[in-house]
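# Structural characterization, general
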Amino acid sequence: MATTMAYKPKGIFEYILIKYRWIFVCFFLLPVSFVYDGLMHLRNWIVFRLNSAPDQHTTKVERVQKQVLDWIESGRTRRMCTARPGWQTVSFRRPAYKGSLHQIDVNLVDILEIDYERKVLRVEPMVTMGQLTSTLNPLGWTIPVLPEIDDLTIGGLVMGTGIESTSHKHGLFQHICVSYELVLCDGSVVKCTKDENHELFESVPWSYGTLGFLTAVEIMMVPAKKYVRLKYEAVNGCATMVEEFEKASADPGNEFVEGIMFSENQGVIMTGNLTDTPEHNKVNSIGNWYKPWFFVHVRNMLGRESAIEYIPLRDYYHRHTRSIFWELQVCNVSDFIHSSLFFYS
Ligand SMILES: Cc1cc2nc3c(=O)[nH]c(=O)nc-3n(C[C@H](O)[C@H](O)[C@H](O)COP(=O)(O)OP(=O)(O)OC[C@H]3O[C@@H](n4cnc5c(N)ncnc54)[C@H](O)[C@@H]3O)c2cc1C
């Protein structure tokens, strides 16, 4: 369950920027983000083209191994880290510390294998959630826990953390992972599963790259459907909200459960399930560019008792991507500018 609160502007400049943001948005942000968007697509295309080679996985891993062996030979004077620059990660943090470390290039960006019999998917660590849904959903498959921001990577979700509105049933991102392949600090490649190198398998999640470089992950797959039937229920009172949220999470009939608080006492609980048969006139493609941000759409449910919509699966999965949850509602001026670039891109 998440909370969003109103922000009070500090000073006249912030007030004007927030209250009359359309001037800033139309005449500055839109043109700038149009160019930014083009550059980002070009950047993604170049990064992908330069690194994509699913049948070359072994060679790519050998390249990672060689870099680690070179580091050993160089006398291990500096600690190692991934060479992934800050602008490629979802976090706003600038990883300045990487400048003084020994950087290892782990640019592995491919979906390697879809095993329909075992219901397992094998992917490299830089595969993003957006890449996964655009590949798997048209094939009628998905993964049980699919964190919603498009650019989150498998590596970041395993080594950092990942959670989603299905986690009450399926656990965290690591709980749907079946195996990890890593290059360790002695240059060896190991695979670990529940039964093979068990301790390593249990230690990899949340280790932030401290145990080795992740080079492949096997993840459980489940059949997908075209829509999510989503029920919105406005709730008054914090205690009632918690009670209803717990009830919804304990109900095995709810595949998706999410709650957003809009004030101390007002919130909306959303429960959903996959379906292929939407009711007439109830489909809402919330991902379209002209649609309101998802949390704004949900806020509009506050005055109503309950409502039901059918949301195309990919739109549901990435419902918070455009507005980065409610960060665009303005935290401070620099976040606002940064986030607005995201929104209009
Ligand atoms: C704006 C924002 C929105 C978010 N939204 C969600 C959300 O909707 N759902 C959710 O569950 N979480 C969300 N998070 C949290 C997010 O999942 C974690 O911060 C995640 O770790 C970020 O993933 P990333 O792909 O950007 O990885 P990074 O930040 O690049 O990496 C995370 C960690 O993993 C390590 N790592 C990455 N790849 C490798 C590798 N191949 N080998 C070794 N180590 C590696 C990195 O060194 C780093 O320590 C959000 C975070 C932000 C900032």
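Predicted, not measured: the structure shown is a model, and the values here were computed from it.

Rules behind the numbers
- Residues numbered from 1 in each chain as written.
- Predicted model: local features only at pLDDT ≥ 70, side-chain atom pairs only at ≥ 80, totals over all residues.
- Heavy atoms only, no water.
- Near = heavy atom within 4 Å.
- Polar contact = N/O pair within 3.5 Å; in protein donor to acceptor, adjacent residues only side chain to side chain.
- Areas by Shrake-Rupley, 256 points an atom, 1.4 Å probe, with all protein chains shown as cover.
- Pairing = 2+ DSSP bridges.
- Helix = DSSP H or I, 4+ residues; strand = E, 2+ residues; numbered from the N terminus.
- Axes fitted to C-alpha atoms, helices over the stretch in contact; angles between N-to-C directions.
- Contact = heavy atoms within 4.5 Å.
- Core = buried A, V, L, I, M, F, W, Y, C linked by side-chain atoms within 4.5 Å.
- Buried < 20%, exposed > 50% of the residue type's maximum accessible area, 1.4 Å probe, protein only.
- Domains from an automatic or database assignment.
- Salt bridge = Lys/Arg side-chain N within 4 Å of Asp/Glu carboxyl O.
- UniProt positions renumbered as here; feature names shortened; annotations may be inferred.

Further remarks concern the site of the ligand. The environment of the ligand is made up of 26 residues, and the closest members are Arg84, Glu148, Thr153, Gly156 and Ile163. Contact between the ligand and arginine 84: an oxygen atom at 2.6 Å from a side-chain N or O atom of the residue. A distance of 2.9 Å is found between a nitrogen atom of the ligand and a backbone nitrogen or oxygen belonging to leucine 214. Burial of the ligand by the surrounding chains reaches 83%, relative to a free accessible area of 960 Å².

Quick look at the sheet that holds strand E9 (residues 213-220) now. The 5 strands lie next to each other as E4-E5-E9-E7-E8, forming an open sheet whose pairing is antiparallel. The outermost strands of the open sheet, each flanked by one partner alone, are strand E4 (111-115) and strand E8 (189-193). Taken pair by pair, the neighbouring strands of this sheet meet at an average axis angle of 15°, ignoring direction. Packing of helix H3 (residues 57-73) onto the sheet brings it into contact with E4, strand E5 (120-123), strand E7 (177-183), E8 and E9, and relative to E7 it is tilted by some 50°.

It is worth spelling out the nonpolar core at this point. With 55 residues, the main nonpolar core has Leu132, Ile154, Phe173, Tyr180 and Tyr232 as its most contacted residues. Both domain 1 (54-223) and domain 2 (227-328) contribute no fewer than three residues apiece to this core. What phenylalanine 173 contacts, discounting residues up to four positions off in sequence, is Met129, Ile143, Val145, Pro147, Ile154, Leu157, Val158, Gly162 and Ile219. Formed by 10 residues, the second largest nonpolar core is a distinct cluster that contains Val61, Val64, Trp71 and Leu108.

If you walk through the whole model with that rule in mind, you get 13 salt bridges. Between arginine 118 and aspartate 115 there is a salt bridge, with its nearest N and O atoms 3.8 Å apart. Given a relative accessible area of 46%, arginine 118 falls into the partly exposed group. The shortest N-O distance in the salt bridge between arginine 319 and glutamate 164 comes to 3.0 Å. Taken together, the residues span a long stretch of sequence, with arginine 319 in the loop between helix H10 (313-317) and helix H11 (333-343) and glutamate 164 in the loop between helix H5 (154-159) and helix H6 (167-170) at a distance of 155 residues. Across this residue pair, the class does not change: arginine 319 and glutamate 164 are buried. Each of Asp115, Arg118, Lys191 and Glu218 takes part in salt bridges that share partners, so that together they form one network.

Let's shift gears to the UniProt feature "domain: FAD-binding PCMH-type" (unreviewed entry) in the protein. As recorded in UniProt, the feature "domain: FAD-binding PCMH-type" (unreviewed entry) lies at residues 48-224. Along residues 48-224 the backbone is 25% helical and 22% strand, and the end-to-end C-alpha distance reaches 26 Å.

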